[in-house]
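# Coordinates in review
Listed here are the chains, written in short residue letters.
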Amino acid sequence: MADTHVLFVEDDDVIREATQLALERVGFTVTAVADGLEGLAAFRSRKPDIALLDVMVPGLDGVSLCRRVRDESMVPVVMVSARADSIDVVLGLEAGADDYVTKPFDGAVLVARIRAVLRRFDHARTVAAGGAEEGEPGPLRFGDLEVDTEGMEVRRDGKPVPLTPTEMRLLLEFSTAPGTVLSRDRLLERVWDYDWGGDTRVVDVHVQRLRGKIGQRRIETVRGFGYKLRG
């Protein structure tokens, strides 16, 4: 992950400068700005590998900025919030963010979260460029849903379904074990690359987003256990 370029949008001068130093210390290139509109301009001109967006910034708030980024690109987005309130978390994830961190955060934890996001996106790009991994099947069909594991494409009733890399990895995880209940912890480990416990709201919101694209009934909730894909 050498020469990884991070866009960091944060209006608190102390946090912005300290975080920029922490990220640069481990080898990241950082563009740090204090305003959402400035952040959008920097995103378009600098084309970062990942965007780290604070929820509450002037000009254009982080959630709106995330939506603008997602309209234009599949670049990974991590939201930063001063609170762990469900509203902040859900709004950020529903806007298309792939993960979030809560302030105050430990620099090492932030770096680990960024690297985890980048690893799964690098994997998605590698698979998309070179085809499915050895041993993976070809197109899978679940009712009106077709999952092409080689072309990394999804169709519903023959029409393309646009998925973010995180949504695609989530669907692939379900597709490899249709009818099997997958726990939130397993999905966090396999899709989000977490070796430690994470916030399962990340899973729940992404499942809801995925349902909205492939059909509400295609993924079933098994209360107290997790989710499963209907065959």
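Please refer to the structure placed before this passage.
This section reports on the structure supplied with the text. (Residues numbered from 1 in each chain as written. Predicted model: local features only at pLDDT ≥ 70, side-chain atom pairs only at ≥ 80, totals over all residues. Heavy atoms only, no water.)

## Quick word on the overall build of the protein
On a plain count of helices and strands, the protein comes out with eight helices and 11 strands. Counting across all 231 residues of the protein, residues that qualify as buried make up 48%. Partitioning the intrachain contacts of the protein with sequence separation of at least 6 by distance along the chain shows that 58% fall at a separation of at least 24. As displayed, the protein has an accessible area near 11000 Å², and 49% of this comes from carbon and sulfur atoms. (Helix = DSSP H or I, 4+ residues; strand = E, 2+ residues; numbered from the N terminus. Buried < 20%, exposed > 50% of the residue type's maximum accessible area, 1.4 Å probe, protein only. Contact = heavy atoms within 4.5 Å. Areas by Shrake-Rupley, 256 points an atom, 1.4 Å probe, with all protein chains shown as cover.)

## Digging into the environment of Trp192
Inspection of the secondary structure puts Trp192 in the loop between α7 (184-191) and α8 (201-214). C-alpha of Trp192 to C-alpha of Arg120: the two residues are 72 residues apart in sequence and 7.2 Å apart in space. Among all residues touching Trp192, those that are not within four sequence positions of it are Asp98, Ala116, Arg120, Thr166, Leu170, Leu187, Val202, Val203 and His206. A polar side-chain atom of Trp192 sits 3.0 Å from the main-chain carbonyl oxygen of Asp98. (Polar contact = N/O pair within 3.5 Å; in protein donor to acceptor, adjacent residues only side chain to side chain.)

## Description of the layout of surface pockets
By volume, the second largest pocket amounts to about 180 Å³. Every residue along the wall of the second largest pocket is listed here: Met152, Glu153, Val154, Arg155, Pro160, Val161, Pro162, Leu163, Thr164, Pro165 and Met168. Sorting the residues of the lining of the second largest pocket by element identifies β8 (153-156) and α6 (165-175) as the ones contributing at least two each. Per element, the largest residue contribution to the lining of the second largest pocket is three residues, and it comes from β8. By residue class, the composition of the lining of the second largest pocket is eight nonpolar, one polar and two charged. (1 Å grid on protein atoms, 1.4 Å probe; cavity = no way out; pocket = protein on both sides within 12 Å on 5 of 7 lines; lining within 4 Å. Points joined across faces, edges and corners; volume = space filled by probe spheres on them. Nonpolar A, V, L, I, M, F, W, Y, C, P; charged D, E, K, R; others polar.)

## Looking at the packing of α6 against α7
Interaxial distance between α6 and α7 falls to 10 Å at its minimum, and their mutual angle equals 125°. It follows that α6 is oblique to α7 by the angle criterion. As α6 runs across α7, the sense of the crossing is right-handed. Within the contact between the two elements, α6 uses Thr166, Arg169, Leu170, Glu173 and Phe174 and α7 uses Arg186, Leu187, Arg190 and Val191. Of the residues in the contact of α6 with α7, the class split is four nonpolar, one polar and four charged. (Axes fitted to C-alpha atoms, helices over the stretch in contact; angles between N-to-C directions. Parallel < 35°, antiparallel > 145°, perpendicular 65-115°, else oblique. Left-handed = near helix turned anticlockwise from the far one by under 90°.)

## Examining the nonpolar core
Core analysis: the largest hydrophobic core is formed by 52 residues, its most contacted members being Met79, Val147 and Phe174. Ranked by the residues each element gives to this core, the list is headed by α8, at six residues. In this structure, Leu52, Val117, Leu118 and Phe121 belong to the second largest nonpolar core, which totals 16 residues. (Core = buried A, V, L, I, M, F, W, Y, C linked by side-chain atoms within 4.5 Å.)

## Topic: empty space enclosed by the protein
With the rule as written, the count across this model stands at one cavity of 30 Å³ or more. Empty space within the largest cavity amounts to approximately 40 Å³. Lining the largest cavity we find Val55, Met79, Ser81, Asp88, Val89, Gly92, Leu93 and Tyr100. Among the secondary structure elements, those contributing two or more residues to the lining of the largest cavity are β4 (77-81) and α4 (86-94). When residues in the lining of the largest cavity are grouped by element, the largest group, four residues, is from α4.

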